[in-house]
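So the chains spell out like this:
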Amino acid sequence: MFEPVSILDVIKRGGYEASLLTTFNATLPFYEEVLLRKLVGAGCRHNVVLMDRSQCAISWSSEMTRPRLAGHAYTLLPIGAPGAFHPKLCILVGPKKASVLIGSHNLTLSGFGFNREVTNWIEVSGPKDTEGGALLADAWRMASQWIEMERGKTSDHMIGAALALANFISPLVVNAERSKRAFALTHTPLGPPLFDQISDSISFDVRRIAIVGAFFDKEFGFIDAVGKRWPKAQVVVGVDPDSVQMLAAPPSGSTCYVDVRKLWPEQHRYMHAKMLWFDSGGDSGAFVSGSANPSRPAWMGPPTSSNVEAVLLRLGRDAHEAAESLGLLGIFDLDKLDPSLFKGIAIRSATEIPSTDSAPVPLWTGIASGQSSEIRIGRRGSKAKVDLVILFNASMETLGEIGSPQAIEDDLIIVFADDIARVRSCLLYANGALVARAMIHHPELVSASSQSSRQHQIRTALSGLGSSEGDISKVIASVERVIFSDETQKEMEAVLREAKAKHPDKPKTPGPESLAVSTADLPKEKKKIRLLKSGDLAYLLDVLLHHLKEGLDRPPPGVDASGLTEEGLVGTEGSEVERPAEPILPPTSLSDSDVARAVCRRARALTRRMVDQLRLASSDHSRRASSLLQLIAVLALVRELRHLDKTPRWKATGQLLVEEKDRRYLLDESLTYLLGSSSRMLAELDSGDVDTEEGAQLRVLLVWLAWDLGEELTEQIGRHWDTSEQQAKLRANATFLKLLPPIAEDAAARAELEQSISRTVRQTPEASLRASKWLQSHLQYGAAWARGVCSDDVLQVGGYCRVPGVVEEPRIVLAVTEGMVDFWDYDKKRSFSRDRVVAVAPA
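Reading guide: rules and limits
Residues numbered from 1 in each chain as written. Predicted model: local features only at pLDDT ≥ 70, side-chain atom pairs only at ≥ 80, totals over all residues. Heavy atoms only, no water. Helix = DSSP H or I, 4+ residues; strand = E, 2+ residues; numbered from the N terminus. Polar contact = N/O pair within 3.5 Å; in protein donor to acceptor, adjacent residues only side chain to side chain. Salt bridge = Lys/Arg side-chain N within 4 Å of Asp/Glu carboxyl O. Buried < 20%, exposed > 50% of the residue type's maximum accessible area, 1.4 Å probe, protein only. Pairing = 2+ DSSP bridges. Axes fitted to C-alpha atoms, helices over the stretch in contact; angles between N-to-C directions. Contact = heavy atoms within 4.5 Å. Phe/Tyr/Trp six-rings, centres within 6.5 Å; stacked < 30°, edge-to-face > 60°. Lys NZ or Arg CZ within 6 Å of the ring centre and 35° of its normal. Expected span 1.5 Å × (residues − 1). pLDDT = per-residue confidence, 0-100. Core = buried A, V, L, I, M, F, W, Y, C linked by side-chain atoms within 4.5 Å.

**Q** Help me get a handle on the side chain of His105, residues and values and all.
**A** Positionally, His105 belongs in the loop between β5 (98–103) and α4 (109–113). A polar contact is formed between the side chain of His105 and the side chain of Thr119, at a distance of 2.8 Å.

Structure, rendered in structure tokens:
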């Protein structure tokens, strides 16, 4: 017999850091006062709720049901669907384990404690749990798909806060493979119907079908489709006559309707479970349970009226055991319901349905910014001219009134000079009529909790860079473990496979007869995709590339700041004991000179290891793209260490944190593998014909490192230079020729290069002026080549050339004789007869 499952008991087991719950309707005060309290008390600090938009608006309209903590303590994201947003999914995830619950329970007191519900509980024991990891990956794939349905309708801040759950999930699904026994499936308006997905998965002859549900469409379209798909099967439908909603009597036929309460006579509660059993006649079959009622919108509705649903499909012996343990197999032995009952059911259903379909005031969402003291509210396409906004706190006390807010495109801009963190909601009026209600999301408060424990440690460790506490040599060791860990490698491989599938390489076309290009034909700003959006390395890159330049503030203490162990937290139910957070890096007794030398040694080892990775990737194509992402992290860390080299504390040691020879080694060897003719690995970061953020970041960091090493363009080749000096100057020109044009035509890349240089330049007026002139002249050079290429009359050393049909992109000329021309191909010198080589210049 089945065992009752309480999500509260699952939470109390501890070990979870993030949660996501989806629901049709909800008693949000119950979530906030009971469930969220227990989640936070057990260590779960990043919490997300997805809820049907209309039902969420109804919740906000009542004092008894509206939320108080949404947008502050957790993310509440309303989801719109043509029919209803109806899945009931719970994901609990921690650094070493996860739980997935897929069932019929709404986020209400009844759903969690009083109704008869059926929920599947899947435990994931860690990254090596391939079966559990597969279901976790399926569940997150569904949830992220639902979240993306709001893209363009809701603020990107709220979308990002919900998608941040990937930071916690990614490490647990790196080994996930397709499950063979159970599948998490969803029905969305633009996806394949749930009915087709189930039908395609059942390959055996179905002898009997059991269906249990609480809501049926008026035409019984789903029941009819089941009968047509499996015409030889006996179909039995189990209902609770006192609570089932049917707007009409079922059509006469072979389908038998029975009182399912007789299977569980000891439970006199509202029947809300949804189940399907496909019997093969043996000890196997297919068992489906979840949110989908036996109705057309849930299983096969057209896009204009389709629900969003989630179910778990079990196959084989597991399915038979699930159905048997629930007592569902006994449904075929129940007596048929008296047909006269259905008239009364239809009358009752007709009176109940309108009470749940009231039209609430539209619910909009707003994003508050503590820095600008602004609230930006999305109007979701409304043309109403809002002339009054009333702001409320958590207790619905009025905080202020704003007249005639500024409208920019589809957003309303409200400036609130007082403590903006107190604003929880607002009412919006036009000509005295209530237009909408807006709930206010505070991303600055929510984002602090969206890091996994590993990422929390990364941020805390990096915040020690340049501080007086800790040994920053240990920071490098921590970062190195993230960059080169097996989990990171697998995460990147999975992400890159997905990116390749979405953007397949286009077939190559022959080069043009002429390289002259009109500036009108060049795209001004290409939209770049981001390959690595989640996981430890993605977080590390984000911190190194973007947050460090603004300074790292220490995050607020975690929920374990009280000093309790994970086990000790279980059962505390959110009791708070304030204690200072323990630093990740203990204070060191070493002198600054000792620390600087230790950092220098670790930095040298890091650069050597990175070049070794590039060397391996040059001969193993499968490693190339991931090694380039690792290189971005290494270069970003080197850049931050070079920033510290310029600060008074570390400058006083007389010891560079990253010595010039190590930076030179990293640059020269990287360029050999990235641009050299034998590998050309830099192209691996281009997905089809789409530019990537990572590709732009890598180019910027390489150009920054060249600047940091004193490289610059050389327009005139000195006659008295020796060969080695001349070759070095020409190779530097070749590097800039390859890297600068894409940066010059990308505003974001230009800004990032300027910030990188300004962050690491010596703090003197002369050095700043030289850096500014260097940046201006080199970006002008890149912009000239970005406009196109044309033929030139002069073929000379230091000039540019191409070989039609062989090397179409311009190259730097190294030598010119009567019969031959040598040019630099980034890893070696190449020679061609002079009659095959064409001189070129920027258009």
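Picking up after the structure, the text goes on.
**Q** Tell me about the pattern of salt bridges, residues and numbers included.
**A** This model, assessed by the stated rule, comprises 41 salt bridges. Of the charged contacts, one joins Arg178 and Asp138 as a salt bridge, the two residues approaching to 3.4 Å between their closest N and O atoms. Pair noted here: Arg178 is in the loop between α7 (166–169) and β7 (182–187) and Asp138 is in helix α5 (residues 130–148), with a separation of 40 residues, a long-range link. According to the relative accessible area criterion, Asp138 is buried, its value standing at 5%. Close ionic contact of Arg208 with Asp279 constitutes a salt bridge, the shortest N to O distance being 2.9 Å.

**Q** Can you break down the sheet that holds strand β22 (residues 789–791) residue by residue, with the values?
**A** Strand order in the open sheet formed by six strands is β22-β27-β23-β24-β25-β26, and the pairing between neighbours is antiparallel. Either end of the sheet is taken by a strand with one partner, and the two such strands are β22 and β26 (829–833). Sheet twist, expressed as the average angle between the axes of neighbouring strands with direction ignored, equals 50°. Relative to strand β24 (residues 807–816), helix α24 (residues 723–744) is tilted by about 165°, and along the sheet it contacts β23 (800–803), β24 and β25 (820–824). Where helix α26 (residues 765–786) meets the sheet, it contacts β22, β23, β24 and β27 (838–842), and its direction lies at approximately 120° from that of β27.

**Q** With reference to specific residues and values, describe unusual backbone geometry.
**A** Phi is positive for Phe220, which is not a glycine, with a value near 55°. By the secondary structure assignment, Phe220 is in the loop between β8 (208–212) and α9 (221–229). Backbone geometry at Ser373 places phi at a positive 55°, although glycine is not the residue there. By the element assignment, Ser373 lies in the loop between β14 (363–369) and β15 (374–378).

**Q** Can you tell me about the packing of aromatic side chains, naming the residues and giving the values?
**A** For any two aromatic rings, the description comes down to two numbers: the centre-to-centre distance and the angle of the planes. Scanning all chains against the criterion turns up 13 aromatic pairs. With centroids separated by 5.0 Å and ring planes inclined at 55°, the aromatic side chains of Trp230 and Phe278 adopt a geometry described as tilted. Placement of the pair is Trp230 in the loop between α9 and β9 (234–239) and Phe278 in strand β11 (residues 275–279), with a sequence separation of 48 residues. Like Phe278, Trp230 is buried. A network of ring pairs unites the aromatic residues Phe195, Phe222, Trp230, Phe278 and Trp299 as a single cluster. It is Lys97 that lies over the ring of Tyr16; its NZ or CZ is 4.8 Å from the centre. Sitting above the plane of the Trp824 ring, Arg731 keeps its charged end 4.0 Å from the centroid.

**Q** Explain helix α12 (residues 341–352) residue by residue, including any values.
**A** Because the α-helix completes a turn every 3.6 residues, residues three or four places apart line up on one side. Relative to the 16 Å expected for twelve residues at 1.5 Å per residue, α12 spans 17 Å between its end C-alpha atoms, a close match to the ideal helical length. Along α12, the positions that sit buried rather than exposed are Phe342, Ile345, Ala346, Arg348 and Ser349. Where α12 is buried, its residues meet β10 (256–259).

**Q** Which residues make up the confidence of the model for the chain, and what values do they have?
**A** Mean pLDDT over the chain works out to 82, with 81% of the residues at or above the 70 mark. Per-residue pLDDT, averaged within each element of the chain, yields its smallest value for helix α18 (residues 566–569) (32) and its largest for β8 (97). Segment residues 547–587 is flagged for pLDDT under 50; beyond a separation of four residues in sequence, or across chains, it makes 60 contacts in the model.

**Q** So what about the sheet that holds β5? Which residues, and what values?
**A** Taken in spatial order, the six strands line up as β3-β2-β1-β4-β5-β6 in an open sheet, and their pairing is mixed. The open sheet has two edge strands, β3 (75–79) and β6 (119–124), and neither has a second partner. Each strand of the sheet is rotated relative to its neighbour by a mean of 10°, with strand direction disregarded. Relative to strand β4 (residues 89–93), strand β1 (residues 18–23) is paired through four bridges, and the arrangement is antiparallel. Each bridged residue has a counterpart across the sheet, and for Ala18 the counterpart in β4 is Val93. Sitting on the sheet, helix α2 (residues 28–41) touches β1, β2 (46–52), β3 and β4, and the angle it makes with β2 is about 155°.

**Q** Explain the nonpolar core to me, and be specific about the residues and the numbers.
**A** What tends to happen in soluble globular proteins is that the nonpolar side chains get buried as a cluster. Of all hydrophobic cores here, the largest spans 68 residues; its most connected members are Leu666, Leu674, Leu698 and Leu753. Those elements giving two or more residues to this core turn out to be α19 (592–619), α20 (624–645), α22 (660–675), α23 (693–708), α24, α25 (747–760), α26 and β24. Residue contributions to this core peak at eleven residues, all from α20. Beyond its immediate stretch of four places on either side in the chain, Leu753 contacts Val700, Val703, Trp704, Ile743, Leu775 and Leu779. Among the nonpolar cores identified, the runner-up in size contains 65 residues, and Ala57, Leu92, Ile102 and Trp146 belong to it.

**Q** I'd like a description of the pairing of β5, backed by residues and values.
**A** On any regular strand, side chains alternate: one points to one face of the sheet, the next to the other face. Counting buried residues along β5, six of its six residues qualify, which places the element largely inside the surrounding structure. On β5, burial covers both faces: Ala98, Val100 and Ile102 on one face and Ser99, Leu101 and Gly103 on the other are all buried. Summarising the sheet, β4 and β5 pair through five bridges and their orientation is antiparallel. Following the sheet pairing, Leu92 is matched in β5 by Ser99.

**Q** Before we move on, can you summarise the environment of Ile159 with the specific residues and values?
**A** The residue Ile159 is located in helix α6 (residues 156–163) in this model. As a C-alpha pair, Ile159 and Thr75 span 84 residues in sequence and 9.5 Å in three-dimensional space. Setting aside chain neighbours within four positions, we find Ile159 in contact with Leu77, Ile147, Glu150, Arg151 and Thr154.

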